[in-house]
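# Reading the structure
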Amino acid sequence: MKSTGSWYLVKTDNNLFLECRLKGKLRLEDRKTTNPVAVGDIVELQIDENGSHQIITILPRKNYIIRKSINLSKQAHIIASNLDQAILVATLVAPKTSLGFIDRFLVTAEAYGIAATIIFNKSDLLDKEMIELQNDIIQLYTQIGYKCYAISSFNSKDVDQIKNLLKNKTSLLSGHSGVGKTTLVNAIDNHLNLKTGHISSAHLKGMHTTTFAELFPLSFGGNIIDSPGIKELGLVEMKKEEICHYFPEIRALLNECKFNNCIHINEPNCAVLKALKEGKIAEKRYQSYLGILNGEEMDWKDWEIK
Ligand SMILES: Nc1nc2c(ncn2[C@@H]2O[C@H](COP(=O)(O)OP(=O)(O)OP(=O)(O)O)[C@@H](O)[C@H]2O)c(=O)[nH]1
Ligand SMILES: [Mg+2]
Ligand SMILES: [Zn+2]
């Protein structure tokens, strides 16, 4: 249910919540990630001679989603495992989510084979012009095949839509600090009274209020995982020719390129470049593709689409 790195909250089959430690051996086995046990993992426990509980086995994961920190350590961190869907909470104001960030999130979810959805929160703060921009962005991603929602966490009808989306599924909520992930979780389940933060007026950024990912069972069925805000989304290593498979609209054209090792930069008879010219692939999406291909770190300040 929750991991702080030194102890783990585990829910048992008979609904007990136990604070557990991790058996030393498991910690040593997994050196590639910062956290050997992640939220969503199914584990086996043992009681040691002092009566305290230890995690002794992690059952094979159905799936998981990893992010790489973009600082020097480049360590990978498993955000959550055994998911039915990954939901990006985005906002066009306070704080802004760039299209580049959205694309990296979607690529990560595609790479791990996890269905992704985008919730545009704080729609109540948008003026007419911004609503139009948001509608354009939603149209772009809907056409590609992603489910999108424009909501305000303060509007109960909007929240009901999200409840339908979550019902009987295990869902991860991710996104920048301050976009309203925890506010939304509180609105979805009003028994939870989780701490939320405010937006710094100077930088219009969140305050990193949620510090550990945590899974909450939903009274109407399913589980929701609230997680700490992420600044940048470092991608795990991908081969160059693999990246285009994680853009569904590019993936759909791959068989039509002349060369089967085409990476769609300047090759002759490239179906992707043709579609780009004809406006069938969005310029911004192609830019995100090139950015990832060139191994650029996230730096998309420009998030408007034309
Ligand atoms: N106007 C408006 N404000 C919202 C909405 N949802 C959340 N907020 C506000 O945004 C601020 C940040 O909300 P949080 O729920 O703490 O954000 P978070 O995504 O959990 O942030 P971290 O835990 O730091 O990652 C709070 O002041 C909320 O009241 C919304 O739909 N509309
Ligand atoms: Mg939070
Ligand atoms: Zn091509």
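Residues numbered from 1 in each chain as written. Chains lettered and ligands numbered in written order. Predicted model: local features only at pLDDT ≥ 70, side-chain atom pairs only at ≥ 80, totals over all residues. Heavy atoms only, no water.

### Some thoughts on the coordination of the magnesium ion (ligand 2)
Short version of the rule: With water omitted from the atoms examined, metal sites may look incomplete; donors here are N, O and S atoms no farther than 2.8 Å from the metal, or 3.2 Å in the case of Na, K and Ca. Strands here mean DSSP runs of E at least two residues long; helices mean DSSP runs of H or I at least four residues long; both are numbered from the N terminus. The buried label applies to any residue whose accessible area, calculated with a 1.4 Å probe on protein chains only, is under 20% of its type's maximum; exposed applies above 50%, and partly exposed to all values in between.
On the protein side, the magnesium ion (ligand 2) has Thr182 (OG1) and Thr210 (OG1) as donor atoms, found 2.0 to 2.1 Å from it. Separated by 28 residues along the polypeptide, threonine 182 in helix 5 (residues 181-188) and threonine 210 in the loop between helix 5 and strand 12 (214-217) bring together distant segments of the chain. Since its relative accessible area comes to 6%, threonine 182 is described here as buried. What makes threonine 210 buried here is its relative accessible area of 17%.

### Overview of the coordination of the zinc ion (ligand 3)
Condition: Only two sets of limits are used to name each site, 85 to 135 degrees for every angle of a tetrahedral four-donor site, and over 155 degrees for opposite donors with all other angles from 65 to 115 for a square planar four-donor or octahedral six-donor site, with any other site named irregular.
Around the zinc ion (ligand 3), the protein contributes the donor atoms Cys257 (SG), Cys262 (SG), His264 (ND1) and Cys270 (SG), at 2.0 to 2.4 Å from the metal centre. Around the zinc ion (ligand 3), the four donor atoms sit at angles spanning 102 to 118 degrees, and that spread fits a shape best called tetrahedral.

### Comments concerning a negative patch on the surface
Rules: Here, patches come from residues exposed beyond 30% relative accessible area and free of salt bridges, joined within 9 Å for like charges and within 5 Å for nonpolar side chains (Val, Leu, Ile, Met, Phe, Trp, Tyr). In these tables, accessible area is a Shrake-Rupley quantity obtained with a 1.4 Å probe, and a residue counts as shielded only by the protein chains included in the view. We define a salt bridge as a contact between a side-chain nitrogen of Lys or Arg and a carboxyl oxygen of Asp or Glu at a distance within 4 Å. Lys and Arg are tallied as positive, Asp and Glu as negative. Neither His nor the chain termini are counted. Taken as the charge location is NZ of Lys, CZ of Arg, CG of Asp or CD of Glu.
There is a patch of like negative charges on the surface, built from Asp127, Glu129, Glu132 and Asp136. Relative to the helices and strands, glutamate 132 resides in helix 3 (residues 128-144).

### Some remarks on helix 4 (residues 156-166)
At 3.6 residues per turn, the α-helix brings residues three or four places apart onto the same side. Note the cut-off: For this quantity, the arc is that covered by the directions from the helix axis to the C-beta atoms. Should any heavy atoms of two residues lie within 4.5 Å, those residues are counted as being in contact. A 3.5 Å cut-off defines polar contacts: any pair of N or O atoms within that distance qualifies, except that in protein one atom must be a possible hydrogen donor and the other a possible acceptor, and neighbouring residues in sequence count only when both atoms are side-chain atoms.
Residues of helix 4 that are buried include every one of Asp158, Val159, Ile162, Leu165 and Leu166, and no others. Buried residues of helix 4, viewed axially, fall in a sector of 105 degrees; they line one side. Facing away from the buried surface of helix 4 by more than 90 degrees, the exposed residues are Ser156, Lys157 and Asn164. Here the buried face of helix 4 lies against strand 8 (85-90), strand 9 (115-120), strand 10 (147-150), strand 11 (170-174), helix 5 and strand 13 (223-226). One side-chain oxygen of the residue at the start of helix 4 lies 2.9 Å from the amide nitrogen of lysine 157, identifying that residue as asparagine 155.

### Comments concerning the pattern of salt bridges
This structure, assessed with the given rule, holds nine salt bridges. Note that lysine 62 and aspartate 84 form a salt bridge whose closest N and O atoms lie 2.8 Å from each other. Here lysine 62, found in the loop between strand 5 (53-58) and strand 6 (64-68), pairs with aspartate 84, found in the loop between strand 7 (76-81) and strand 8; they are 22 residues apart in sequence, far enough to count as distant. The class of lysine 62 is exposed, set by a relative accessible area of 55%.

### Concerning the packing of helix 4 against helix 5
Operational definition: To get an axis, fit a line to the C-alpha atoms, keeping to the stretch in contact for a helix; angles then go from 0 to 180 degrees between the N-to-C directions. When describing relative orientation, an angle under 35 degrees is termed roughly parallel and one over 145 degrees roughly antiparallel, while 65 to 115 degrees is termed roughly perpendicular and anything else oblique. Under the scheme applied, nonpolar residues are Ala, Val, Leu, Ile, Met, Phe, Trp, Tyr, Cys and Pro; charged residues are Asp, Glu, Lys and Arg; polar residues are all the others, including Gly.
Their axes nearest at 10 Å, the elements helix 4 and helix 5 cross at an angle of 85 degrees. The angle between helix 4 and helix 5 falls in the class roughly perpendicular. Note on element contacts: helix 5 touches helix 4 through Leu184, Ala187 and Ile188, opposite Val159, Ile162, Lys163 and Leu166. Classifying every residue of the contact of helix 4 with helix 5 by side-chain character gives six nonpolar, no polar and one charged.

### As for the side chain of asparagine 186
With respect to the helices and strands, asparagine 186 occurs in helix 5. Residue asparagine 186 is classed as buried on the basis of its relative accessible area, which comes to 15%. Ignoring anything within four residues of it in the chain, the contact list for asparagine 186 reads Leu192, Asn193, Leu194 and Thr196.

### Points about the site of ligand 1
The line we're drawing: It suffices for a single heavy atom of a residue to lie within 4 Å of a molecule or strand for the residue to be listed as near it.
The environment of ligand 1 is made up of 23 residues, and the closest members are Asp124, Ser177, Thr183, Gly197 and Thr210. Between ligand 1 and glycine 178 there is a distance of 2.9 Å, counted from an oxygen atom to a backbone nitrogen or oxygen. Here an oxygen atom of ligand 1 and a backbone polar atom of glycine 197 are 2.8 Å apart. Partitioned by chemical class, the residues of the shell around ligand 1 number four nonpolar, 16 polar and three charged.

Purely spatial values, then, with no claim about function.
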